[in-house]
Amino acid sequence: VCLVCALSMLLFGNAPSGMAQEKVYVNGIDANFPPFAFVDKTGKPDGFDVAALDWIAKEMGFKVTHKPMDWDGIIPSLNAKKIDIIASGMSITEARRKEVNFTEPYWKITQVLVAKKDSAATPETAMKDGQKIGVQRGTTEAKWIEENLIKAQGKKFELVYYDSAPLAVEDVVNGRIVAAAMDDAPAKDAEKKKPVKIIGSFGMPDETFGYAVRKEDTELLKKLNEGLKKLQASPEWDVLRKKYEL
Ligand code: ARG
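Since the structure is predicted, the reported quantities are computational estimates derived from the model, not experimental observations. (Residues numbered from 1 in each chain as written. Predicted model: local features only at pLDDT ≥ 70, side-chain atom pairs only at ≥ 80, totals over all residues. Heavy atoms only, no water.)

A.B. asks: I'd like a rundown of the sheet that holds strand S2 (residues 32-33), residues and numbers included.
C.D. replies: An order of S2-S3-S4 is seen for the 3 strands of this open sheet, with the pairing classed as antiparallel. Where the open sheet ends on each side, the last strands, each with one partner, are S2 and strand S4 (45-46). Both strand S3 (residues 37-39) and S4 contribute to a ladder of 2 bridges, which runs antiparallel. The residue of S4 that forms the bridge with Val 39 is Pro 45. (Pairing = 2+ DSSP bridges. Helix = DSSP H or I, 4+ residues; strand = E, 2+ residues; numbered from the N terminus.)

See below:
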């Protein structure tokens, strides 16, 4: 804060007119998508995407905070201006491009099935008629399975919807569902924390993650792209990958 502004705030309780308050961008995160986004024991947002965006904001000279929220409906929240950025493991898709703009891709992911550690299931036997497969609501994997395996191929397993990937993993552990479909990054994270294992892929094409912004926020998009490029060229990129075990 400049000296005049500080004095003015002291005397009049606000910044001088014409003195714009500095914009703080709000990044909406799914608080249950480790290692890309999560909240720590004290409730503080953390994760690879959170740390990367903090670095980019500092480098590019803007301010950012992180707001945990429901994943399903996060794009409508962005367009309703409740948040300004989604840097939280979001796959870039043509369908989403109709609603938001994405940065350049910064991460490649592959979809996998997670089953109990002692399970003999393969993707083929897990996705058999009458069996239950878990998936996070509002994800590309949910949509792809519905459209391709259930509608087009007529498979008759039951898709069970969860608010987060770890919740689906919980039901794998307690045996309510045979397997859960998710990105490989949260799946590998689950393998480290729970008695589960990746049993393979189910045929969904690979995707990439990008940060999303509102269509009209072209300046912000430019800053994010430039910042991402700088981060990927800096030693910090590998520091963050190691820190979040990616
Ligand atoms: N690939 C999926 C998608 O983009 C999963 C993303 C889940 N990310 C998250 N933060 N929950 O829809």
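A.B. asks: I'd love a proper account of the domain arrangement of the chain, names of residues and values included.
C.D. replies: The assigned domain composition of the chain is domain 1 (18-107 + 207-243) and domain 2 (111-200). Taken together, the contact pairs 14 residues of domain 1 with 15 residues of domain 2. Across the domain 1 to domain 2 interface the summed buried area is about 1,100 Å²; carbon plus sulfur atoms make up 55%. Looking at the side of domain 1 facing domain 2, the largest losses of area belong to Phe 33, Pro 34 and Trp 71, adding up to 38% of the total buried there. Our count for the domain 1 to domain 2 interface comes out at 0 salt bridges. The interface formed by domain 1 and domain 2 includes 4 residue pairs in polar contact (both at pLDDT 80 or more). The residue inventory of the side of domain 1 that touches domain 2, partitioned by class, reads 7 nonpolar, 3 polar and 4 charged. (Domains from an automatic or database assignment. Contact = heavy atoms within 4.5 Å. Buried area = accessible area lost by both parts, 1.4 Å probe. Salt bridge = Lys/Arg side-chain N within 4 Å of Asp/Glu carboxyl O. Polar contact = N/O pair within 3.5 Å; in protein donor to acceptor, adjacent residues only side chain to side chain. Nonpolar A, V, L, I, M, F, W, Y, C, P; charged D, E, K, R; others polar.)

A.B. asks: Explain the nonpolar core residue by residue, including any values.
C.D. replies: In this structure, Ile 85, Tyr 106, Tyr 211 and Leu 224 are the most contacted members of the largest nonpolar core, which totals 29 residues. Elements with a contribution of two residues or more to this core: helix H2 (48-60), strand S6 (85-91), strand S8 (107-109), strand S14 (207-213), helix H9 (218-233) and helix H10 (236-243). Examining the composition of this core, we find that 7 residues originate from one element, H2, more than from any other. With residues up to four places along the chain from it excluded, the contact list for Ile 85 reads Tyr 25, Val 26, Asn 27, Gly 28, Leu 53, Val 64, Leu 78, Tyr 211, Ala 212, Val 213, Leu 220 and Leu 224. Of all hydrophobic cores here, the second largest spans 18 residues; its members include Ala 126, Trp 144, Ala 179 and Met 204. (Core = buried A, V, L, I, M, F, W, Y, C linked by side-chain atoms within 4.5 Å. Buried < 20%, exposed > 50% of the residue type's maximum accessible area, 1.4 Å probe, protein only.)

A.B. asks: Can you explain the pairing of S14? Please cite residues and give values.
C.D. replies: S14 sits mainly inside the fold: 6 of its 7 residues count as buried. Direction of pairing for S6 relative to S14: antiparallel, over a ladder of 4 bridges. Within the sheet, the bridge partner assigned to Met 90 lies in S14 and is Gly 210. Here 2 bridges tie strand S7 (residues 101-102) to S14, and the two strands are oriented antiparallel to one another. Considered in S14, the bridge of Asn 101 is made with Val 213. Across 3 bridges, the pairing between S8 and S14 is antiparallel. If you follow Ile 109 over to S14, its bridge partner there is Glu 207.

A.B. asks: Can you lay out the environment of Asn 27 for me, pointing to particular residues and giving the numbers?
C.D. replies: Assignment of secondary structure puts Asn 27 in strand S1 (residues 24-29). On the accessibility criterion, Asn 27 (0% relative accessible area) is buried. Put simply, Asn 27 and Val 50 are 23 residues apart on the chain and 8.4 Å apart in space, counted from C-alpha to C-alpha. Setting aside its immediate chain neighbours within four residues, Asn 27 contacts Leu 53, Val 64, Thr 65, His 66, Lys 67, Ile 85, Ile 86 and Ala 87. One polar contact links Asn 27 to His 66, side chain to side chain, over a distance of 3.0 Å.

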